[in-house]
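Letter by letter, the chains look like this.
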Amino acid sequence: MKWLGILGLVALSECMIVIPLTKVKPMRENLREKNMLKDFLEQYTYRLSDNTAPAKRVYTQPLRNYLDLVYIADISIGTPPQNFKVVFDTGSANLWVPSIYCDSKACANHSVFNPPRSTTFSLEGRSFEITYGTGKIAGFLGYDTVRIGNLVIGSQAFGMSQKEPGIFLEHAVFDGILGLGYPALSIVGTTPVFDNLKKQRLLKEPIFAFYLSTKKENGSVVMFGGLDHSYYKGELKWVPVSQRLYWQISMDSITMNGKILGCKGGCQAIVDTGTAVLVGPTNVVTNIQKAINARPLTGYEYFIGCDAINTLSDIIFTINGVNYPVPAHAYIRQSLEGCCYSNFEGGSEKLSQSELWILGDVFLRLYFTVFDRGNNRIGLAPAV
């Protein structure tokens, strides 16, 4: 199968820019083929991005969350443009790419930014660190022109890595990350990409939206500044953001055949394009695995018979009084070898302290999702 397609740009009007996303082979399958997956799962867990030490310019970013990501897009930085494949990640707020000053093996396998080749580059002068579990990315900050399709952002702050951790980023399908979270998640003193889009008046409306395809290589898009109604059915159901850090909302319950599986009495959920699966407190997820007859395979992955795709019931996520069914074909993942695994995974201790869920691409493939910064709300509607 051809994994990487050709990326292009569709500008539907001056009001809205639609950026195609290409579906690629996930890092999980790359690591599985190289017999490195077990080591990865033992070292990294699902966790939330954190910026708890801004004075030290240390920013915590969860590497495990990117394990199953399959949607990437092209951006460029500098003049003339230098191209990079990035993940548009609503669970973080920084933009970073590798640099020519990086001597890690991971950088050798990816596109790197060359500051002297850009006539619009300026040095910010500060270093930064992004922590990934047992390793960290270290680099420095700069400013340059960033292009997302036809959107041209002047003097955008971004990170350039000099060190990248471990062996796992060597096998990543992306060069860097473009965060679309709230400014409170960004490195102190920097303005995130989306906030600069607003500040520089490049968008008619302060919104962006995702449509993620299921099995097609092409067809997924992220749109800025407006909505294309042909990507969803019915009316958008709006949910207020409960905390302006992540795209966090209140969730009512998680049920299956009328039985509560999780979120009893209500809980919080983060809608995150930077996480591929459905992540929750480990004890609650363990009970869900039992309910769908998934069995631990290595202690970190749960195996399930592929026939369950056609026999198991929907799991219902109720949000703001509206039911959002997730069918078995969505919460069960089939590998390239034909084996099937649960798309529910337990997260870090922080997710368990007060029940908190991460609704990743498993959920977003089913529901067209609008991120409305103007009104601090999320819109959901069944995807076409």
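A brief look at the structure comes next. In this convention, every chain numbers its residues from 1, walking through the sequence in written order. The predicted nature of this model means local features are confined to residues of pLDDT at least 70 and side-chain atom pairs, given and counted, to a pLDDT of 80 or more, with totals for whole chains, interfaces and linings taken over all residues. No hydrogens and no water enter the side-chain calculation; it runs on all heavy atoms of the structure.

1. Structural notes on the side chain of glutamine 289
- With respect to the helices, strands and loops of the structure, glutamine 289 is situated in helix H5 (residues 282-291).
- On the basis of relative accessible area, glutamine 289 is assigned to the buried category, the value being 1%.
- Each residue touching glutamine 289, except ones within four places of it in the same chain, is listed here: Ala294, Tyr302, Ser342 and Phe344. Numbering of helices and strands runs from the N terminus, with a helix taken as a DSSP run of H or I at least four residues long and a strand as a DSSP run of E at least two residues long. Only protein chains enter the accessibility calculation, which uses a 1.4 Å probe. A residue is then buried if its area is under 20% of the maximum for its type, exposed if over 50%, and partly exposed in between. Contacts were defined at the residue level, with two residues in contact if any of their heavy atoms lie within 4.5 Å.

2. A short note on the pattern of salt bridges
- By definition, a salt bridge exists where a carboxyl oxygen of Asp or Glu is found within 4 Å of a side-chain nitrogen of Lys or Arg. The tally for this structure, following the rule as stated, stands at six salt bridges.
- A salt bridge links arginine 377 to aspartate 372; its shortest N-O distance comes to 2.9 Å.
- Its relative accessible area of 27% is what places arginine 377 among the partly exposed residues.

3. Let's talk about the sheet that holds strand E19 (residues 278-280)
- Two strands are counted as paired when DSSP detects at least two bridges linking them. The six strands are arranged E14-E15-E18-E27-E19-E26 in an open sheet whose pairing can be described as mixed. Since the sheet does not close on itself, it has two edges, and those belong to strand E14 (243-244) and strand E26 (344-346), each with one partner.
- Bridge count between strand E15 (residues 247-251) and strand E18 (residues 267-271): four bridges; the pairing is antiparallel. Among the inter-strand pairings, isoleucine 249 is bridged to a residue of E18, identified as alanine 269.
- Orientation is described by lines fitted to C-alpha atoms, with helices fitted over the stretch in contact, and by angles between N-to-C directions that extend from 0 to 180 degrees. Each of E19, E26 and strand E27 (356-359) is contacted by H5, which is oriented at about 145 degrees to E26, the strand it contacts most.

4. A look at empty space enclosed by the protein
- Computed over the protein atoms alone on a 1 Å grid, cavities are sets of points where a 1.4 Å probe fits but cannot get out and pockets are open sets with protein on both sides within 12 Å along at least five of seven lines; a residue lines them when it has an atom within 4 Å of a point. Grid points are joined across faces, edges and corners, and a volume is the space filled by probe spheres set on the points. By the definition in use, this model includes five cavities of 30 Å³ or more.
- Volume-wise, the largest cavity comes out at about 100 Å³.
- Together, 17 residues line the largest cavity, and Asn94, Leu95, Ala157, Phe158 and Thr190 are the ones closest to its centre.
- Put simply, the parts of the chain that give the lining of the largest cavity at least two residues each are strand E6 (95-98), strand E7 (122-132) and strand E9 (151-163).

5. What to know about the packing of aromatic side chains
- In this analysis, rings of Phe, Tyr and Trp, with Trp reduced to its six-membered ring, are considered paired at centre separations within 6.5 Å, and the interplanar angle assigns stacked below 30 degrees, edge-to-face beyond 60, and tilted for intermediate values. Considering all chains together, one arrives at 24 aromatic pairs under this definition.
- For the pair phenylalanine 210 and phenylalanine 371, a centre-to-centre distance of 6.0 Å together with 85 degrees between the ring planes defines the contact as edge-to-face. Highlighted residues: phenylalanine 210 in strand E11 (residues 207-211) and phenylalanine 371 in strand E28 (residues 367-372), separated in sequence by 161 residues. Like phenylalanine 371, phenylalanine 210 is buried.
- Aromatic pair tyrosine 331 and phenylalanine 344: ring centres 5.9 Å apart, planes at 55 degrees, arrangement tilted. Residue tyrosine 331 is located in helix H6 (residues 328-331), and its partner phenylalanine 344 is located in strand E26; the two are separated by 13 residues in the primary sequence.
- On the accessibility criterion, tyrosine 331 (0% relative accessible area) is buried.

6. What to know about the environment of glycine 125
- Position of glycine 125 relative to the elements: it lies in strand E7.
- The exposure class of glycine 125 is exposed, given its relative accessible area of 61%.
- Spatially, the C-alpha atom of glycine 125 lies 7.1 Å from that of phenylalanine 140, the residues being 15 residues apart in sequence.

7. Some details on the nonpolar core
- Residues Phe88, Ile148, Phe224 and Phe363 are the most contacted members of the largest nonpolar core, which totals 75 residues.
- In this description, a nonpolar core means a group of buried Ala, Val, Leu, Ile, Met, Phe, Trp, Tyr and Cys residues linked to one another through side-chain atoms lying within 4.5 Å. In terms of nonpolar packing, the next biggest core, distinct from the first, is built from 14 residues, Val18, Ile207, Met223 and Tyr231 among them.

8. Remarks on the side chain of glutamine 248
- Here glutamine 248 is to be found in strand E15.
- Take glutamine 248: its relative accessible area is 7%, and that puts it in the buried class.
- Pairing of N or O atoms within 3.5 Å defines a polar contact, subject to two protein rules: one partner must be a possible hydrogen donor and the other a possible acceptor, and residues neighboring in sequence count only if both atoms are side-chain atoms. Among the polar contacts made by the side chain of glutamine 248, one reaches the side chain of glutamine 268 at a distance of 3.0 Å.
- If we skip the residues at most four places from it in the chain, glutamine 248 touches Pro240, Val241, Ser242, Gln243, Gln268, Ala269, Ile270 and Leu356.

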